[in-house]
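Observations on chain architecture
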Amino acid sequence: MKKILLMQPPVSFKEKAFALVPDCPHIGLLYLASSLISRGFEVHYLDASDNSIALNEIAELLNEKQIDALCITAMTQNIKGAVQLARFLKESKTQAKIVLGGPHLSADPTLLERFPYFDAGITGESEITLPFALRDLFENKIVGLRKGEAPMDLDNLPFPARHIVDHNMYKKRGYWTNAIFATRGCPYRCNFCSIPAIDKRVRLRSPGSIIEEMQECYGITKIKMFNFIDDALTVNKKFVYDLCEYIHKLPFRIKWEAQSRVNYIDKPLLTAMKKAGC
């Protein structure tokens, strides 16, 4: 069984830099973890965003756990840390394959040419594409840069693998909310947003699936606060009304928050959302 380590790096390994250190697990990586686990991989998770682990310690961890591939996600704020790590590992002759993904690479796909320390890169959403790219890497095939195939039926994705996370680490950071997706995509092309470079097609989960994940999540974290990290949760108002009705059916009361656009909200919708705990 091949062993995969999924991680997010700090802004920089070599100097202290201001960064918003996440106080909950990276849900994108946990979706990838579930996808990989369902395809027979052994998956580990590392959040190094707080700069608490050095480059040589990560190299030692890869060797100790006999990791076959390191998959790094990076936004623009921490792409420097990702490059520093990949360069260090290659110069250290680390045997693990190194794969880069995340919003920055999606918006800057020529990065792999400028920094040839990665064995492969995947742009866009990666749940479908990453397992196949890894299998090709392990067969010594050239993978290069691949465009991720976006899942269209979100209900077919397994829930994020929250069970592989050390939640006590996040509690030390003030862990107070559960990240969750209800939708993906946004029809707009704002120049400050990464969605146009990833996949703007709007896709909705069924409210029943979302509620089922909330119950599973609460069973793991014992936290009743949820943060919908969708780019525009209210793009489909009927969907949000239906979701609010399902939230009322939960066997426990929750609080939640979300983000959207001003032109996708109105007073009746906000009233319904507030009654459901928003």
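We now turn to the structure provided with this report. Remember, predicted model here, so these are calculated numbers, not experimental data. Position numbers for residues count from 1 along each chain, tracking the sequence in the order it is written. This being a predicted model, a pLDDT of at least 70 is required before a residue's local features are given, and a value of 80 or more before pairs of side-chain atoms are given or counted; all residues contribute to the totals for chains, interfaces and linings. In computing side-chain values, all of the structure's heavy atoms are included and hydrogens and water are not.

1. Quick word on the overall build of the protein
Helix and strand labels come from DSSP, where a helix needs a run of H or I of at least four residues and a strand needs a run of E of at least two; each type is numbered from the N terminus. Secondary structure summary: the protein contains eleven helices and eleven strands in total. Note on method: radius of gyration uses C-alpha positions; expected globular size equals 2.2 Å times residues raised to 0.38. Here the protein has a C-alpha radius of gyration of 19 Å; the compact-globule value for 278 residues is 19 Å, and the two agree. Should any heavy atoms of two residues lie within 4.5 Å, those residues are counted as being in contact. Excluding contacts between residues fewer than 6 apart, the proportion of contacts in the protein whose partners are at least 24 apart in sequence is 75%. Only carbon and sulfur atoms are counted for the fraction: they give 53% of the accessible area of the protein, which is about 13,500 Å². In the protein, 37 positive and 31 negative side-chain charges are present, and the distance between their average locations comes to 3 Å. Under the convention used here, a 1.4 Å probe and the Shrake-Rupley method define accessible areas, while residue burial counts only the protein chains that appear. Asp and Glu count as negative and Lys and Arg as positive, but His and the ends of the chain are not part of the count. Each charge is placed at NZ for Lys, CZ for Arg, CG for Asp and CD for Glu.

2. Re the side chain of Asn-178
Structurally, the position occupied by Asn-178 is in strand S7 (residues 178-180). Whenever two N or O atoms come within 3.5 Å, that pair is a polar contact, provided that in protein one can donate a hydrogen and the other can accept it, and provided that, for residues adjacent in sequence, both atoms are side-chain atoms. Reaching out from Asn-178, the side chain makes a polar contact with the backbone oxygen of Ile-223 at a distance of 2.8 Å. Leaving out residues up to four positions away in the same chain, Asn-178 has contacts with Cys-217, Thr-221, Ile-223, Met-225, Phe-226 and Asn-227.

3. Here we look at the packing of helix H10 (residues 237-248) against helix H11 (residues 267-275)
Packing of H10 against H11 leaves a shortest axis separation of 9 Å and a crossing angle of 20°. When the interaxial angle is binned, H10 and H11 end up roughly parallel. Both H10 and H11 take part in a crossing whose hand is left-handed. Across the interface between the two elements, Lys-237, Val-240, Tyr-241, Cys-244 and His-248 from H10 touch Pro-268, Leu-269, Ala-272, Met-273 and Lys-275 from H11. When residue character is reported, Ala, Val, Leu, Ile, Met, Phe, Trp, Tyr, Cys and Pro are called nonpolar, Asp, Glu, Lys and Arg charged, and the others, Gly included, polar. Along the lines of polarity and charge, the residues of the contact of H10 with H11 split into seven nonpolar, one polar and two charged. The angle between two axes is taken between their N-to-C directions and runs from 0 to 180 degrees, where each axis is a line fitted to C-alpha atoms and a helix contributes only its stretch in contact. Working rule for angles: under 35 degrees goes down as roughly parallel, over 145 as roughly antiparallel, 65 to 115 as roughly perpendicular, anything else as oblique. By the definition used in this description, the sense in which the near helix is turned from the far one sets the handedness, with an anticlockwise turn below a right angle giving left-handed and a clockwise turn giving right-handed.

4. Overview of the nonpolar core
Among buried residues, those of type Ala, Val, Leu, Ile, Met, Phe, Trp, Tyr and Cys that are joined through side-chain atoms within 4.5 Å constitute a nonpolar core. Only protein chains enter the accessibility calculation, which uses a 1.4 Å probe; a residue whose area is less than 20% of its type maximum is buried, one above 50% is exposed, and one in between is partly exposed. Residues Ile-4, Leu-6, Leu-36, Cys-71, Val-99, Leu-130 and Leu-134 are the most contacted members of the largest nonpolar core, which totals 33 residues. Going through the elements one at a time, strand S1 (3-8), helix H1 (27-38), strand S2 (42-47), strand S3 (69-73), strand S5 (120-123) and helix H6 (129-138) are the ones with two or more residues in this core. Considering each element in turn, this core owes the most residues, seven residues, to H1. Ignoring sequence-local partners within four residues, the contact set of Leu-130 consists of Leu-32, Leu-36, Cys-71, Val-99 and Ile-122.

5. Section: the sheet that holds strand S10 (residues 225-228)
Note on sheets: strands pair through backbone hydrogen bonds, and any given pair is parallel or antiparallel. Between any two strands, pairing holds if DSSP finds at least two bridges. Read from one edge to the other, the open sheet built from three strands follows the order S7-S10-S11, with strand pairing classed as parallel. Each having just a single partner strand, S7 and strand S11 (255-257) make up the two edges of the open sheet. Between one strand and the next, the sheet's axes are offset by a mean angle of 25°, whatever the strand orientation. Sheet analysis places S7 next to S10, joined by three bridges and oriented parallel. Bridged to Ala-179 within S10 is Asn-227. Those strands touched by helix H9 (residues 207-221) are S7 and S10, and its axis lies near 155° from that of S7.

6. A short note on the environment of Met-152
Note that Met-152 resides in the loop between strand S6 (144-147) and helix H7 (167-172). On the basis of relative accessibility, which here comes to 45%, the residue Met-152 falls in the partly exposed class. When the C-alpha atoms of Met-152 and Ala-272 are compared, they prove to be 28 Å apart, with 120 residues separating the residues in sequence. Each residue touching Met-152, except ones within four places of it in the same chain, is listed here: Arg-201 and Arg-203.

7. Topic: the environment of Asn-227
Structurally, Asn-227 is set in strand S10. Remark: the alpha-carbon pair of Asn-227 and Ile-265, spanning 38 residues in sequence, is separated by 18 Å. When neighbours within four sequence positions are excluded, Asn-227 is seen to be in contact with Thr-177, Asn-178, Ala-179, Ile-180 and Glu-257.

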